[in-house]
Amino acid sequence: MAVPRPARRLARLASLVLIGLLAAAALVAPARAASLTQVTSFGSNPGNLAMYAYRPDGLPAGRPLVVLLHGCTQNASGYFANSGWRKYADQQGFTLVLPQTSSANNSSSCFNWFQTGDTGRGQGEAASIRSMVDHAVRNYGADPARVFVSGLSAGGAMTAVMLATYPDVFAAGSIGAGLAYRCASSLVQASGCQYQATSKTPQQWGDLVRGAYPGYAGRYPRVAVWQGLSDYTVVPANGTQLRDQWTNVRGVSQTPTATRSLTGGTSLKVYGDDDVRLYEITGMGHGLPVDPGGAADQCGTAAAYFLDTICSAHHDAQFFGLAGGTGPQPTPTPTPTATPTPTPTPGACVTASNYAHTTAGRAYQSGGMAYATGSGDALGLWNTFTVRSLRQTGPAYWVLAAGGC
């Protein structure tokens, strides 16, 4: 039956309006949210691991990279969902890489932190994880000077492996309920390390790390250690042994320079100039500390081996120097001035951001933290938001003016 002419005109008009609405919706529809994605080809893989990666939407090149290593019976997606690290990757702008092992490598899907073929530089699982870092630097534009690693249990022990075997790759690391590097070199020895203290001096522990990369003359990574004091799977002695190993490697005393009480029954001991941190949590068993909630220092989801105490990812992001941003953003570029800034004379006091202090030569940055030139006084995070006062006491020698200028 023929459609009357007025009806045909109305139909065409309705079609045009519908097309217009669909086009407008396409313009305003949000881009697909970033998600954890498997990378099927990332380079050499002698350890037979899988690679997963997460990059926040709009993340520019030159941003940090954090490698996360799951524990036994876990996988990359579960660790990503529960650990709390996604929150800070989104807020502060950095890439996450999550290696994943399988029952083909280990019956309990543990990283083989105790097998010599997987824990040497250029070998096995350690080499596979190194390949993933290379892939992220090449293909995502991650900053090779700001690569960090964190893990739980067997993943924590594997974190110690990566810090020992690749100190030239990682700026810092965080070890949750883990074990010292080369505490064990067989499955039988691994059980002994987990359940009881090992009789070694700090020097002996340190020598094991130094032997992982003979001839290395650079600075070793800074290390944070998380240990539950009611952990009967990886007993608290392991936290102390990790403290002994990494303070020795960093060349600082095993006596803390500062202590603090934090939430969730947590005690923090700091060694050297924030070279090593030891977090000990009263009443916590075996797992990664999380603290579900919406506050800035809360994160994660409570689940098996993710224990509701304190948000370790928040404190680690600060320790790594990642917490200076509010989302994906490039490293700020200094704005040239028409006239040079006069060089302060001895006795001068300058209040400015840590970033401005470094560009003016009053401070320097290392591992995302700023330090006063000359004195080495710790100034906090290297960014444009943290403001400090520095006083010059001699040529190229600045000290923190605690009371301000």
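For the structure, check the block above.
Residues numbered from 1 in each chain as written. Predicted model: local features only at pLDDT ≥ 70, side-chain atom pairs only at ≥ 80, totals over all residues. Heavy atoms only, no water.

## What to know about helix H9 (residues 312-320)
Of all 9 residues in H9, 8 are buried; the element is thus mostly enclosed. Trailing H9 by a residue or two, Gly321 shows a phi angle of about 80°, which is positive. (Buried < 20%, exposed > 50% of the residue type's maximum accessible area, 1.4 Å probe, protein only. Helix = DSSP H or I, 4+ residues; strand = E, 2+ residues; numbered from the N terminus.)

## What to know about the packing of helix H3 (residues 85-92) against H9
Relative orientation of the contacting elements H3 and H9 amounts to 45°, with a least axis distance of 9 Å. Classified by the interaxial angle, the pair formed by H3 and H9 is oblique. Crossing hand, H3 versus H9: right-handed. Each of Trp85, Tyr88 and Gln92 in H3 lies in contact with H9, whose residues at this interface are Ala313, His314, Asp316, Ala317 and Phe320. Among the residues making up the contact of H3 with H9, the classes are represented as 5 nonpolar, 2 polar and 1 charged. (Axes fitted to C-alpha atoms, helices over the stretch in contact; angles between N-to-C directions. Parallel < 35°, antiparallel > 145°, perpendicular 65-115°, else oblique. Left-handed = near helix turned anticlockwise from the far one by under 90°. Contact = heavy atoms within 4.5 Å. Nonpolar A, V, L, I, M, F, W, Y, C, P; charged D, E, K, R; others polar.)

## A closer look at the pattern of salt bridges
Side-chain pairs of opposite charge can arise where the charged atoms are in close proximity. Applying the stated criterion across every chain yields a total of 11 salt bridges. Of the charged contacts, one joins Asp168 and Arg121 as a salt bridge, the two residues approaching to 3.0 Å between their closest N and O atoms. With a gap of 47 residues between them, Asp168 in the loop between helix H5 (154-165) and strand S6 (172-176) and Arg121 in the loop between strand S4 (95-100) and helix H4 (124-140) connect regions that are remote in the sequence. Residue classification places Asp168 among the partly exposed residues on the basis of a relative accessible area of 39%. Ionic pairing is found between Asp207 and Arg210, a salt bridge with its closest N-O pair at 2.9 Å. (Salt bridge = Lys/Arg side-chain N within 4 Å of Asp/Glu carboxyl O.)

## Points about the state of the cysteines
Per the stated rule, a full pass over the model turns up 4 disulfides. Paired by a disulfide, Cys299 and Cys311 hold their sulfur atoms 2.0 Å apart. Measuring the twist about the S-S bond at about 105°, one finds the Cys299-Cys311 disulfide to be right-handed. Linking Cys299 in the loop between strand S11 (288-290) and strand S12 (306-308) with Cys311 in the loop between S12 and H9, this pair joins segments that are 12 residues apart in sequence. The side chain of Cys349 participates in a disulfide bridge whose partner is Cys405; the two sulfur atoms lie 2.0 Å from each other. Residues Cys349 and Cys405 are joined through a disulfide that is left-handed, its torsion about the S-S bond being -80°. Here Cys349 is found in strand S13 (residues 349-353), whereas its partner Cys405 is found in the segment after strand S18 (397-400), with 56 residues between them in sequence. Take Cys349: its relative accessible area is 24%, and that puts it in the partly exposed class. Assessed through its relative accessible area of 55%, Cys405 is described here as exposed. (Disulfide = S-S within 2.5 Å.)

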